[in-house]
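Given next are the chains, with one letter for each unit.
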Amino acid sequence: MMKKLLVVSAMALASATAFADCSVTVEANDAMQFNTKEINVSKTCKDFTVTLKHVGSLPKAAMGHDLVITSAADMSGVDADGIAAGLDNDYVKPGDERVVAHTKLIGGGETDSVTFPVSKLQAGTDYVFFCSFPGHSAMMKGVVKLVD
């Protein structure tokens, strides 16, 4: 009986560990800051989930945040095209194939998640995440790393 319990416990622990490695929660605040500068995505994950939590209190129109993942080389173009796309499109150009994934634009107290296939990240390519609300990407950005 003890052996069976240990095996079940080990399997549950392995499942919990695998799940923890395939998701991350990033917080954004009213001071235009993310609480991290790096998101590590394990190559062993089939899908990866990013949850964005706006811990501030200002509304979306005044201090909205999203989290956009793209290659480092494409960041400025994606950001500029997103600003041109406007608030109605959450500052992300609809159908932009340079965007690996993005959350919705959210205001204080709100949360949004996005799940994407890890196969969208290619080894040897530098990736970033940033907030596409106009003027925020200069301060609100970080690196996305594909890790073993």
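Residues numbered from 1 in each chain as written. Predicted model: local features only at pLDDT ≥ 70, side-chain atom pairs only at ≥ 80, totals over all residues. Heavy atoms only, no water.

Caption draft 1: Expanded view of the state of the cysteines. Under the counting rule described, the total for this entry stands at one disulfide. The disulfide bridge from Cys22 ends at Cys45, spanning 2.0 Å between sulfur atoms. Across the S-S bond linking Cys22 and Cys45, the dihedral sits near -95°, which makes this disulfide left-handed. With Cys22 in the loop between helix H1 (2-21) and strand E1 (23-28) and Cys45 in the loop between strand E2 (38-42) and strand E3 (47-54), this residue pair connects regions lying 23 residues apart in the sequence. Looking at Cys45, the relative accessible area reads 5%, which means it is buried. (Disulfide = S-S within 2.5 Å. Helix = DSSP H or I, 4+ residues; strand = E, 2+ residues; numbered from the N terminus. Buried < 20%, exposed > 50% of the residue type's maximum accessible area, 1.4 Å probe, protein only.)

Caption draft 2: Summary view of the sheet that holds E1. The three strands lie next to each other as E1-E3-E6, forming an open sheet whose pairing is mixed. Of all strands in the sheet, those with a lone pairing partner are E1 and strand E6 (111-117), marking the two edges. Looking at each pair of strands side by side, their axes are set apart by 20° on average, direction ignored. Here seven bridges tie E3 to E6, and the two strands are oriented antiparallel to one another. Along E6, the bridge assignment pairs Lys53 with Thr111. (Pairing = 2+ DSSP bridges. Axes fitted to C-alpha atoms, helices over the stretch in contact; angles between N-to-C directions.)

Caption draft 3: Layout of the packing of aromatic side chains. Summed over all chains, the structure comprises three aromatic pairs. Ring centres of Phe34 and Phe129 lie 5.3 Å apart, and the angle between their planes is 55°; on these two criteria the pair is classed as tilted. Placement of the pair is Phe34 in the loop between E1 and E2 and Phe129 in strand E7 (residues 127-130), with a sequence separation of 95 residues. Accessibility assignment for this pair places Phe34 and Phe129 in one class, buried. Taking the centre distance of 6.1 Å and the plane angle of 55° together, the rings of Phe48 and Phe116 count as tilted. Placement of Phe48 in strand E3 and of Phe116 in strand E6 is noted, with a sequence separation of 68 residues between them. (Phe/Tyr/Trp six-rings, centres within 6.5 Å; stacked < 30°, edge-to-face > 60°.)

Caption draft 4: Just the side chain of Ser132, in detail. Note on placement: Ser132 falls in the loop between E7 and strand E8 (141-147). Among the polar contacts made by the side chain of Ser132, one reaches the side chain of Asp66 at a distance of 2.5 Å. Among the polar contacts made by the side chain of Ser132, one reaches the main-chain carbonyl oxygen of Tyr91 at a distance of 2.9 Å. In this structure, Ser132 is in contact with Asp66, Val68, Asp79, Ile83, Asp90, Tyr91 and Val92, ignoring residues within four places of it in sequence. (Polar contact = N/O pair within 3.5 Å; in protein donor to acceptor, adjacent residues only side chain to side chain. Contact = heavy atoms within 4.5 Å.)

Caption draft 5: Layout of the nonpolar core. Counting 29 residues, the largest nonpolar core has Phe34, Ile39, Leu67, Ile69, Phe116 and Val144 as the members making the most contacts within it. Breaking this core down by element, the ones donating at least two residues are E1, E2, E3, strand E5 (99-102), E6 and E7. Considering every element that reaches this core, the biggest residue donor is E3, with three residues. The contact partners of Phe34, leaving out residues within four places of it in the chain, are Val26, Glu27, Ala28, Leu52, Asp66, Leu67, Phe129, Phe130, Cys131, Met140 and Lys141. The next biggest cluster of nonpolar side chains, apart from the first, holds seven residues, and it includes Val78, Val92, Val99 and Val128. (Core = buried A, V, L, I, M, F, W, Y, C linked by side-chain atoms within 4.5 Å.)

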